[in-house]
Amino acid sequence: MFATWTVGAELGHADGFDWEQTPDSVVAELARRLTDPRVLDGRTFFSCGVWALPEGADNITEVAADDPARATYMQVGGRCTDLVLEVRVTDEEGYSHYAVAREPVGDPGAWTELSWDAGGGSTCTVRCHPEEVLTGEQAVPFFRDYVLRGALPRPELLRRIDV
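Residues numbered from 1 in each chain as written. Predicted model: local features only at pLDDT ≥ 70, side-chain atom pairs only at ≥ 80, totals over all residues. Heavy atoms only, no water.

Novice: Whenever I open this one, helix H1 (residues 23-35) confuses me. Can you help?
Specialist: An α-helical turn contains 3.6 residues, so any two residues separated by three or four positions project in the same direction. For H1, which comprises 13 residues, the first-to-last C-alpha distance of 18 Å matches the rise-based estimate of 18 Å (1.5 Å per residue) to within 8%. Along H1, the positions that sit buried rather than exposed are Val-26, Val-27, Leu-30, Arg-33 and Leu-34. The buried residues of H1 occupy one face: seen down the axis, they fall within an arc of 125 degrees. Structurally, H1 contributes buried residues whose contacts are with strand E1 (2-8), strand E3 (47-52), strand E4 (73-79), strand E5 (82-91) and helix H2 (136-149). (Helix = DSSP H or I, 4+ residues; strand = E, 2+ residues; numbered from the N terminus. Expected span 1.5 Å × (residues − 1). Buried < 20%, exposed > 50% of the residue type's maximum accessible area, 1.4 Å probe, protein only. Arc of directions from axis to C-beta. Contact = heavy atoms within 4.5 Å.)

Structure, rendered in structure tokens:
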């Protein structure tokens with residue numbers, strides 16, 4: 001079972017949970033959100049993500065807000081045409097947070113910025129490598145592997161970040 005969320009400039013944060021979900025239905029919904037320009041447009045919604053409920057939990061209400069499982073997730077920020085993908089995993093130090101690249105970074109000294117409207121007159125800007133800017137279509141396989149197989153991106157595609 002999984003919990004999903006969206007974040008929008010005007011709508012704020014909204015959690016989602018479907019009793020009748022399957023891993024395939026979660027992937028289908030995430031793929032729709034990631035690729036539909038009417039959804040992840042950088043304003044109506046600028047972020048979406050997913051986390052797996054911990055072993056034994058059948059409903060999101062059974063998971064305490066401070067449960068370490070809530071610190072393990074995959075999310076994006078931006079627009080379906082240009083976004084950043086992040087993954088956070090619980091570890092012995094609390095958690096590790098990573099930016100995900102679509103291909104290995106070619107020039108570690110090359111940087112770009114990606115910005116979107118975060119609501120309330122504020123803008124969110126992230127500094128990332130050009131290979132870390134993905135489209136929604138490019139992000140779908142990462143989410144599919146994460147949801148269907150519990151698989152993280154290959155280590156050479158991960159850059160540890162502090163958030």
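Structure shown, so let's carry the discussion forward.
Novice: Any chance you could explain H2 here in plain terms?
Specialist: Helix length check: H2 (14 residues) gives 20 Å between terminal C-alpha atoms against 20 Å at 1.5 Å per residue, within 8%. Burial in H2 covers these residues: Gly-136, Ala-139, Val-140, Phe-142, Phe-143, Tyr-146 and Val-147. On its buried face, H2 sits against E1, H1, E3, E4, E5 and strand E6 (94-100). Backbone geometry just after H2 places Gly-150 at a positive phi near 65 degrees.

Novice: Looking at this structure, how should I read the environment of Ser-115?
Specialist: For Ser-115, the location among the structural elements is in strand E7 (residues 112-119). Sequence separation between Ser-115 and Asp-24 is 91 residues; the distance between their C-alpha atoms is 31 Å. Setting aside residues up to four positions removed in sequence, Ser-115 forms contacts with Arg-79, Thr-123, Cys-124 and Thr-125. At 2.6 Å, the side chain of Ser-115 forms a polar contact with the side chain of Thr-125. (Polar contact = N/O pair within 3.5 Å; in protein donor to acceptor, adjacent residues only side chain to side chain.)

Novice: Just to check I follow, could you spell out the pattern of salt bridges for this structure?
Specialist: Two side chains carrying opposite charge are able to pair once their charged atoms lie near each other. Following the criterion strictly, the structure yields nine salt bridges and no others. A salt bridge links Arg-159 to Glu-132; the nearest nitrogen and oxygen atoms lie 2.8 Å apart. Here Arg-159 is found in strand E9 (residues 158-161), whereas its partner Glu-132 is found in the loop between strand E8 (122-128) and H2, with 27 residues between them in sequence. In this structure Arg-159 comes out as partly exposed when scored by relative accessible area, which is 22%. Among the salt bridges present, the one from Arg-149 reaches Asp-145, with a minimum N-O distance of 3.5 Å. Of this pair, Arg-149 and Asp-145 both sit in helix H2, four residues apart, which is roughly one turn of the helix. A relative accessible area of 31% places Asp-145 in the partly exposed class. Overlapping salt bridges bring together Glu-10, Arg-43 and Asp-117 as one network. (Salt bridge = Lys/Arg side-chain N within 4 Å of Asp/Glu carboxyl O.)

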